[in-house]
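Fold and geometry: a report
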Amino acid sequence: QVQLVESGGGLVQAGRSLRLSCAASGSVFSIKAVGWYRQPPGKQRELVAAITSYGSTTYADSVKDRFTISRDNAKNTVYLQMNSLKPEDTAVYYCAADRSDFVLDDYWGQGTQVTVSS
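Treat the numbers as computed from the prediction; the structure is a model and nothing was measured.

Criteria and cut-off values
- Residues numbered from 1 in each chain as written.
- Predicted model: local features only at pLDDT ≥ 70, side-chain atom pairs only at ≥ 80, totals over all residues.
- Heavy atoms only, no water.
- Helix = DSSP H or I, 4+ residues; strand = E, 2+ residues; numbered from the N terminus.
- Rg over C-alpha atoms; globule rule 2.2 N^0.38 Å.
- Buried < 20%, exposed > 50% of the residue type's maximum accessible area, 1.4 Å probe, protein only.
- Contact = heavy atoms within 4.5 Å.
- Areas by Shrake-Rupley, 256 points an atom, 1.4 Å probe, with all protein chains shown as cover.
- Lys, Arg positive; Asp, Glu negative; His and termini not counted.
- Charge placed at Lys NZ, Arg CZ, Asp CG, Glu CD.
- Salt bridge = Lys/Arg side-chain N within 4 Å of Asp/Glu carboxyl O.
- Core = buried A, V, L, I, M, F, W, Y, C linked by side-chain atoms within 4.5 Å.

In this section: the overall build of the protein. When helices and strands are counted, the protein shows zero helices and eleven strands. Relative to the 2.2 N^0.38 estimate, which gives 13 Å for 118 residues, the radius of gyration of the protein is 13 Å and therefore close to what a compact globule would have. Overall, the C-alpha framework of the protein stretches about 40 × 25 × 25 Å when taken along its three principal axes. Evaluated residue by residue, the protein yields a buried proportion of 43% over its 118 residues. Long-range contacts, defined as pairs at least 24 residues apart, comprise 55% of the intrachain contacts of the protein with a sequence gap of at least 6. Here the protein displays about 6200 Å² of accessible surface, and carbon together with sulfur accounts for 47% of that area. Averaged over its 12 positive side-chain charges, the protein has a centre that lies 4 Å from the centre of its 11 negative ones.

Okay, structure coming up:
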């Protein structure tokens, strides 16, 4: 089993930045893809960004050029640097990990709230 713990959420003004962290523990050797989903109020969960075990990244169109995903395998941690935040980025952000590089839904964190005020 793998446990994921997110941190770094909070309340921020539009235009500012936040960095989310997700620390993995347990059977981390099994993890390949890691990434972030978000669920805005009253909406479905959506993929924000993901990174494979070989460093390939993918982003939602709405966050391209503003968000950057990275991973530190030595620390078993994945990061999401969020710049130029907008009110529509307000959501609960969930860290996710998978034993495959082609999907991202084996393991989930508990979520961290990000609120962007206008």
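After that view of the structure, there is still more to cover.
Structurally, A91 can be placed in strand 9 (residues 91–97). Taking relative accessible area as the criterion, A91 reaches 1% and is therefore assigned buried. Aside from chain neighbours lying at most four places away, what touches A91 is R38, Q39, P40, T112, Q113 and V114.

Another aspect to go through is the environment of V114. Within the secondary structure, V114 is located in strand 11 (residues 112–117). Classification of V114 as buried rests on a relative accessible area of 0%. For V114, the residues in contact, after removing those within four places along its chain, are G9, G10, L18, L20, M82, D89, T90, A91 and Y93.

What follows covers the pattern of salt bridges. If the charged atoms of two oppositely charged side chains come close together, the side chains can form a pair. Counting across every chain of the model gives five salt bridges. Between R38 and E46 there is a salt bridge, with its nearest N and O atoms 2.7 Å apart. The closest approach of N and O atoms between K64 and D61, which form a salt bridge, is 3.2 Å. With a relative accessible area of 43%, K64 lands in the partly exposed category. What emerges from the salt-bridge pattern is a single network uniting R38, E46, R66 and D89.

The biggest cluster of nonpolar side chains holds 28 residues, and the ones touching the most others in it are W36, L80, M82 and Y93. Among the elements of the structure, strand 1 (2–7), strand 3 (18–26), strand 4 (34–39), strand 5 (46–51), strand 7 (67–72), strand 8 (77–82), strand 9 and strand 11 are those that each provide at least two residues to this core. Each residue touching L80, except ones within four places of it in the same chain, is listed here: L18, R19, L20, W36, V48, A49, F67, T68, I69 and Y93. Of all hydrophobic cores here, the second largest spans five residues; its members include A33, Y37, A96 and L104.

Moving on: the side chain of D98. Relative to the helices and strands, D98 resides in the loop between strand 9 and strand 10 (107–108). Comment: no salt bridge for buried D98; closest opposite-charge side chain is R99, at 5.6 Å. With residues up to four places along the chain from it excluded, the contact list for D98 reads S30, I31, K32, A33, V103, L104, D105 and D106.

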